[in-house]
Structures are given as C-alpha cells and as structure tokens.
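Given next are the chains, with one letter for each unit.
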Amino acid sequence: IMNATPEKVVIPYKPRPLQNKFHKNARRFSVAVCHRRFGKTVMAINHLLKEVLSSKRPRAMGAYIAPTYSAAKRIAWQMLREYAGIIPGVKFNEAELRCDLPDGRRIFLLGSEAPDSIRGLGLAAVVLDEYADMNARLYPEVIRPALSDYGDGTCLWIGTPRGENQFKEIYDHAIKRMEKADGEWYAMRFPASETKVLAQEELDAAKATMDESQYLQEFEVSWSAALIGAYYASQLDSADLAGRIGSCPWEPNLEVFTSWDLGIADSTAVWFGQKMQGEAFIRIIDYYESSGEGLHHYIAELKNRPYIYGKHYFPHDVMVRELGSGNSRYEMLMALGIRPTVIPKLTVQDGIEAVRALIPKCHFDRSNCSQGLKFLRSYHRQFNHRTGDWRDRPHHGPESHSADSFRYLALGMRDADDSMDFSSMARTGKMSGGEKTIVSEWNEFN
C-alpha cells in the first residue's frame, strides 16, 4: 500500500494450483476460459485487487464489469468485501458498489448494459466477466481507450464458452499473440476433466442430469457444444486442447495437396495440406474461400502462394458438363494447369465419418485456417421444425462449403487408391485442349 508508513497486509486468499498458475502467468491482456465452479470470479477479484494496489499510478482505479449491474452486485460484491475488507482504512459504498482503498485508489462494480456511462474512467485494471453476453461496443470503444489513459492498464476476460462469439474471438486472438511470442497476452483454458477441482462423482452426477451439449459447454468448456447437433465439436475441441490447433508452418520441401468444394452460385472453398512420409500427422496449413468468382480467380490464388502442389481433390460433379460451353469443369481445370483427382460419389454420412476419423490425425494452422475452422465447428445437423427432431442430414448454410471441401479431403486421404485420376484421358487427347497445351501449362504452374 502506497502511504507514508507502509505495512504488510495479507489478503485471505489461498489460490488453488491452477489459479496460482494464472496469477504467475497473467499478462497485460489475459483470457481465462474456465468450467463452472472453477473459482474464476474469486481469482479475478483478487487479480483486480492486486493490480490496483500495486499500480504505480496515483489514485489508480479498477473495474469489475458483469453483463448487468445486478449481476455484478450478486456475483462479486460480497467477494470484494471479503478480500479487501482486511485492508486498513478501506471503505465500501454499497449504493455505488464502490470500494475505496488507501491513497485514493478505487474499485467499481459495473454492468455493461450502458457502455457510454463508463466513458471517462481512466482504468488501471479491468475484469470483464462473461464477455460473451456483453455489448459488443464495450471493449473496443470504451474499455480499450480507458486502459490507454494509463498507458499500461490491464484487462482480464473470464467466462464459459457460448459458441462462436466475441469471447471466442478474444481467446483466439490471445492464443495467436502468444504463438507470436507477444509478451502482453496470455490465455488459459481448463476443462473439468483435467482440473480435478470437482470430484468425479460430482461430474458424473451433473452429466446424468444435463443435456450432453450443456455438460460439454459448462464443464468441458467446449466452444462448439452450444450448437446442438454439431458434427465435429468434440474432435475439434480435443485437437485444440491437445495443442494441434496452433502454429503449423508450411514446409517448403513438401508438396501441398488441396481439396475443393466447387460452387457456381455459392462459395468455392479450398483447404491446403501437407503429408510427410512416415509422419503421424497431416498438416493443414491454409484455407481459402470466396464467392462470385470463376475458376481463373482460384487458380490465381493458388499461383500467388509459394507452394509446390501435388494432388488436387475434387468432388465427382467436377465431371458434369456445363450448359452452353459443353465442357466440364474438369476439362477447364486441366486447361488451366490443374489435374484433378476426383473423389467417387459416396453418401454424406460416409464422408462425415471419414472427417471424424481424420481430424484426430491433423495439425491445423490457427491463423491461416481460422475461417475454415470456424465453419467446421458450425457444421451441424438439420432441425425438423415440424416434428421437433434433428434430421440425419446436414443443415445447408455458410459453413457447408468448408465442411464439404474437408469431407472430400477426408475421403481422398482415406481412399487414396480408389480416387479417380482422369489425367490419362487428357494425355490420350480425349479431352479438349490437347496434350501439349495441358502438359506445358501444368509444368509452368508447378
């Protein structure tokens, strides 16, 4: 405490091992994704108290912000009184949910309902609790500028997943910054099955009375579980927790394979990957998607990347001839220097099972594949509103193109010997363009 006669004050808080891990590793910007009953609010209040008391700024102020003012009072007011109450000279103003600390320092409990009402506070430290439920304007327009008033103000985001939203985005951003060795960012994510904070008997009892998606969201901190019927939620969450979604750089000495979902009126999606002989995992290094463009656009995108290409997996309908020109997209691709490997027509469910088997064998580059991964997480079964049941076929939405493209990749990798390579048809001159043109453009492309 900054006063004329400093004295040591021991806050009555004994952090658990994982809470202690957070305190030791917290940075200027920290994200904590924790299961129910982990003790994240206790951890956050003590983090906030320490940040305000140890700030070198005179009259430092901090704020704990919940989605609503009433929630802030219900969740954190008693905790703040308990842990700060031991400090000599501290005062509490319950009417304003304010804690007045020595040397003019203060901590406010606030709600996010009216972001503009928080403007003007220069904040040394902020906690945003259940950020997914907050006004999207709050952090970028109000909190971030308030932290800049001090030049080194800190922010902690805490919460439980609610699917793909702003809390997931800030978590992903923190992970990316950590992977780039940015010392200002830190993120932690702990499911109940790993923390051992709750007894297994308690987890079993909770699981018995909760919907599976609810349990995965609340106790296993699954980002995908909020979307009931998601096909690849558990596989992608396992990959994330195992560290297989992160930095997965391109290996210049390896060929790059691609997998395509071709859209006409819809989007075209392309996954890029590598497989080293003898290596246990497949590297998924890149993803690209766009709409309203012709094949020339996508070929140009491939050429603009520094990759040396191997196989290009395409769905069976690449062989269908288009009205007007009479040419198939297979022929068009060959003329543009792409030799498709065509995946036989199989059931969608067979492809989904192939994807579920492939994901545990993949390392994904989080940055380059962020859009594709977001769509894979969102890929889910169709809901029958008439019967109130989930159908055994996928919902068709923006996520479908990424998922279909990855499905063709999974089938191509699984059935490599059975995938149809029609390049011999081109070499015999049965396709338009002629052997010389096709071979020369293919060699130039690579």
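What counts, and at which threshold
- Residues numbered from 1 in each chain as written.
- Predicted model: local features only at pLDDT ≥ 70, side-chain atom pairs only at ≥ 80, totals over all residues.
- Heavy atoms only, no water.
- Buried < 20%, exposed > 50% of the residue type's maximum accessible area, 1.4 Å probe, protein only.
- Helix = DSSP H or I, 4+ residues; strand = E, 2+ residues; numbered from the N terminus.
- Pairing = 2+ DSSP bridges.
- Axes fitted to C-alpha atoms, helices over the stretch in contact; angles between N-to-C directions.
- Contact = heavy atoms within 4.5 Å.
- Phe/Tyr/Trp six-rings, centres within 6.5 Å; stacked < 30°, edge-to-face > 60°.
- Core = buried A, V, L, I, M, F, W, Y, C linked by side-chain atoms within 4.5 Å.
- Polar contact = N/O pair within 3.5 Å; in protein donor to acceptor, adjacent residues only side chain to side chain.
- Arc of directions from axis to C-beta.
- Parallel < 35°, antiparallel > 145°, perpendicular 65-115°, else oblique.
- Left-handed = near helix turned anticlockwise from the far one by under 90°.
- Nonpolar A, V, L, I, M, F, W, Y, C, P; charged D, E, K, R; others polar.
- Disulfide = S-S within 2.5 Å.

What about the pairing of strand 7 (residues 154-159)?
Inference 1: Most of strand 7 sits inside the fold, with six of its six residues counted as buried.
Inference 2: In strand 7, alternate side chains face the same way, and those of T154, L156 and I158 on one face and C155, W157 and G159 on the other are all buried.
Inference 3: The pairing of strand 1 (residues 29-34) with strand 7 spans five bridges and is classified as parallel. Residue pairing across strands places V31 opposite W157, the latter belonging to strand 7.
Inference 4: In terms of strand pairing, strand 6 (residues 125-129) meets strand 7 through five bridges, oriented parallel. Pairing of D129 across the sheet is with I158, part of strand 7.

Overview of the sheet that holds strand 5 (residues 106-111)
Inference 1: Strands sit in the order 3-4-5-2-6-7-1-8 across an open sheet of eight strands; the sheet is mixed. Of all the strands in the sheet, just strand 3 (91-93) and strand 8 (185-190) have a single pairing partner and so form its edges. Neighbour-to-neighbour, the strand axes of the sheet open up by a mean angle of 10°, direction not taken into account.
Inference 2: Sitting on the sheet, helix 3 (residues 69-84) is in contact with strand 2 (61-66), strand 3, strand 4 (98-100), strand 5 and strand 6, with an inclination near 160° to strand 5.

Considering the packing of aromatic side chains
Inference 1: All chains considered together, the criterion is met by 25 aromatic pairs.
Inference 2: With centroids separated by 5.9 Å and ring planes inclined at 90°, the aromatic side chains of W77 and F92 adopt a geometry described as edge-to-face. In this pair, W77 sits in helix 3 while F92 sits in strand 3, placing the two residues 15 residues apart along the sequence.
Inference 3: Relative accessible area serves as the criterion here: at 2%, W77 is assigned to the buried category.
Inference 4: Since its relative accessible area comes to 25%, F92 is described here as partly exposed.
Inference 5: With 5.0 Å between their ring centres and 65° between their planes, Y139 and W157 make a pair best called edge-to-face. Highlighted residues: Y139 in helix 4 (residues 138-148) and W157 in strand 7, separated in sequence by 18 residues. Side by side, Y139 and W157 carry an identical accessibility label, which is buried.
Inference 6: One aromatic cluster in this structure is built from F29, Y131, Y139, W157 and W185.

Considering the nonpolar core
Inference 1: Membership of the largest hydrophobic core comes to 37 residues, with the highest contact counts inside it found for L49, Y64, L80, L101, I107, L109 and M188.
Inference 2: Counting residues per element, this core draws most heavily on helix 2 (residues 40-54), which supplies eight residues.
Inference 3: Dropping the residues within four chain positions of it, L80 is found in contact with I45, G85, F92, C99, I107 and L109.

Describing the side chain of S402
Inference 1: Secondary-structure assignment places S402 in helix 14 (residues 400-414).
Inference 2: A polar atom in the side chain of S402 sits 3.2 Å from the backbone oxygen of G372.

Some points on helix 12 (residues 348-358)
Inference 1: By the burial criterion, the buried members of helix 12 are G351, I352, A354, V355 and L358. The arc that holds every buried residue of helix 12, seen down its axis, measures 160°, which confines them to one face.

With respect to the packing of helix 2 against helix 3
Inference 1: Viewed as axis vectors pointing N to C, helix 2 and helix 3 meet at an angle of 50°, and their least axial separation amounts to 10 Å. Considering the angle they form, helix 2 stands oblique to helix 3. Our pair here, helix 2 against helix 3, has a crossing hand that is right-handed. Here helix 2 contributes T41, V42, I45, N46 and L49 to the contact with helix 3, which in turn contributes I75, A76, M79, L80, Y83 and A84.
Inference 2: Of the residues in the contact of helix 2 with helix 3, the class split is nine nonpolar, two polar and no charged.

As for the environment of S367
Inference 1: The topology assignment puts S367 in the loop between strand 15 (362-365) and helix 13 (370-378).
Inference 2: It is 9.1 Å that separates the C-alpha atoms of S367 and I285, two residues lying 82 residues apart in sequence.

As for the state of the cysteines
Inference 1: In total, this model carries zero disulfides according to the counting rule given.
Inference 2: In this structure C369 is a free cysteine whose sulfur lies 7.7 Å from that of C248, the closest cysteine sulfur available.

Thoughts on the environment of V318
Inference 1: Mapped onto the elements of the fold, V318 is located in the loop between strand 13 (309-314) and helix 11 (329-335).
Inference 2: Owing to a relative accessible area of 0%, V318 belongs among the buried residues under this scheme.
Inference 3: Separated by eleven residues in the primary sequence, V318 and R329 have C-alpha atoms spaced 5.3 Å apart.
Inference 4: Not counting residues up to four positions away in its chain, the partners in contact with V318 are L262, S328, R329, Y330, L333 and V342.

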